[in-house]
Amino acid sequence: LAMSSATSATSLPSGLTVLTTFPDVLFIPEIIFGGLVWILVASSKVPSHILQGWVMFVSVFCFVMSTTLLCLYICGVHGGSSSWVTLVSGCDKP
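Position numbers for residues count from 1 along each chain, tracking the sequence in the order it is written. A pLDDT threshold of at least 70 governs which residues receive local features in this predicted model, and a stricter bar of 80 or more applies before side-chain atom pairs are shown or counted, although totals over entire chains, interfaces and linings include all residues. Hydrogens and water are ignored here; the side-chain numbers use all heavy atoms of the structure.

Caption draft 1: Molecular detail of the overall build of the protein chain. For the purposes of this entry, the term helix denotes a DSSP run of H or I that reaches at least four residues, the term strand denotes a run of E that reaches at least two, and both are numbered from the N terminus. Within the protein chain one finds 4 helices and 0 strands. Secondary structure elements of the protein chain occur, N-terminal to C-terminal, as α-α-α-α. Buried positions account for 23% of the 94 residues belonging to the protein chain. Every residue pair with non-hydrogen atoms within 4.5 Å of one another is taken to be in contact. Contacts spanning at least 24 positions in sequence make up 51% of the contacts within the protein chain whose residues lie at least 6 apart. Only the protein chains shown count as covering a residue, and every accessible area follows the Shrake-Rupley method with a 1.4 Å probe. Here the protein chain has roughly 6,000 Å² of accessible surface; of this, 77% comes from carbon and sulfur atoms. Only protein chains enter the area calculation, which uses a 1.4 Å probe; residues under 20% of their type maximum are buried, those over 50% are exposed, and those in between are partly exposed.

Encoded structure:
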């Protein structure tokens, strides 16, 4: 795997090369485990539906955000701007 996109801000990956850099390849397990969390939360029986709704909202939001960011990286929307590294770092630390 190539160097981190966070350490080489001059050339952010785009297209399928996103899947060859170390921090960006972590999008895939993040999406897989996010989907599993979403399924497990939806199928669990919780006495307070308000709490389950909040956890469901957070898990769905993180799942959709990770999928959207991966698609945007693959499409090359970032245009090489290093501010996208900050965006991804902020989204991964809720």
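Caption draft 2: Seen up close, the side chain of Gln52. Position of Gln52 among the secondary structure elements: in helix H3 (residues 49-75). A polar side-chain atom of Gln52 sits 3.1 Å from the main-chain carbonyl oxygen of Ser44. Other than its neighbours up to four places away in sequence, Gln52 contacts Val41, Ala42, Ser44 and Val46. Any N or O atom pair separated by 3.5 Å or less is treated as a polar contact, with the protein-specific requirement of one donor-capable and one acceptor-capable atom, and with residues adjacent in sequence counted only for side-chain atom pairs.

Caption draft 3: Summary view of the UniProt feature "transmembrane region" (unreviewed entry) in the protein chain. UniProt positions are given in the numbering used here, feature names are shortened, and annotations may be inferred rather than shown by experiment. Mapped onto this structure's residue numbering, the UniProt feature "transmembrane region" (unreviewed entry) falls at residues 25-42 and 54-79. Within the segment residues 25-42, helix and strand shares are 94% and 0% respectively, and the terminal C-alpha atoms sit 27 Å apart.

Caption draft 4: How the structure looks around the packing of aromatic side chains. Here the aromatic set is Phe, Tyr and Trp, taking the six-membered ring for Trp, and pairing holds for ring centres within 6.5 Å; pairs whose planes are under 30 degrees apart are stacked, those over 60 apart are edge-to-face, and all others are tilted. As enumerated under the stated definition, the model contains 3 aromatic pairs in all. Between the aromatic rings of Trp38 and Phe63, the centroid separation amounts to 5.1 Å while the plane-to-plane angle is 50°, which identifies the pairing as tilted. Here Phe63 lies in helix H3 and Trp38 lies in helix H2 (residues 27-43), a separation of 25 residues in the sequence. On the accessibility criterion, Trp38 (30% relative accessible area) is partly exposed. Ring-pair connections join several aromatic residues into one group, and the members of that group are Trp54, Phe57 and Phe61.

Caption draft 5: The state of the cysteines, seen in detail. Only a pair of cysteine sulfur atoms within 2.5 Å qualifies as a disulfide here. Within the structure shown, the criterion is met by 0 disulfides. Here Cys71 is not cross-linked by a disulfide; its sulfur's nearest cysteine counterpart is in Cys75, at 6.4 Å.

Caption draft 6: Representation of the packing of H2 against H3. Interaxial distance between H2 and H3 falls to 9 Å at its minimum, and their mutual angle equals 155°. In terms of orientation, H2 and H3 fall into the roughly antiparallel class. Crossing handedness for the pair H2 and H3: left-handed. Along its contact with H2, which presents Phe27, Glu30, Ile31, Gly34, Gly35, Val37, Trp38, Val41 and Ala42, the element H3 presents Gln52, Val55, Met56, Ser59, Val60, Phe63, Ser66, Thr67, Leu69, Leu70 and Tyr73. Note on residue classes: Ala, Val, Leu, Ile, Met, Phe, Trp, Tyr, Cys and Pro are nonpolar, Asp, Glu, Lys and Arg are charged, and everything else, Gly too, is polar. Partitioned by chemical class, the residues of the contact of H2 with H3 number 13 nonpolar, 6 polar and 1 charged. Orientation is described by axes fitted as lines to C-alpha atoms, over the contacting stretch for helices, and by angles from 0 to 180 degrees between their N-to-C directions. Orientation is classified from the angle alone, with under 35 degrees giving roughly parallel, over 145 giving roughly antiparallel, 65 to 115 giving roughly perpendicular, and any other angle giving oblique. Throughout, a crossing is termed right-handed when the near helix is turned clockwise from the far one, and left-handed when it is turned anticlockwise from it by less than a right angle.

Caption draft 7: The arrangement of H3 in detail. For a helix, the expected span equals 1.5 Å multiplied by the number of residues minus one. Between its terminal C-alpha atoms H3 stretches 38 Å, which fits the 39 Å expected from 27 residues at 1.5 Å a residue. Along H3, the positions that sit buried rather than exposed are Gln52, Ser59, Ser66, Leu69, Leu70 and Tyr73. At the C-terminal side of H3, Gly76 shows a positive phi close to 80°.

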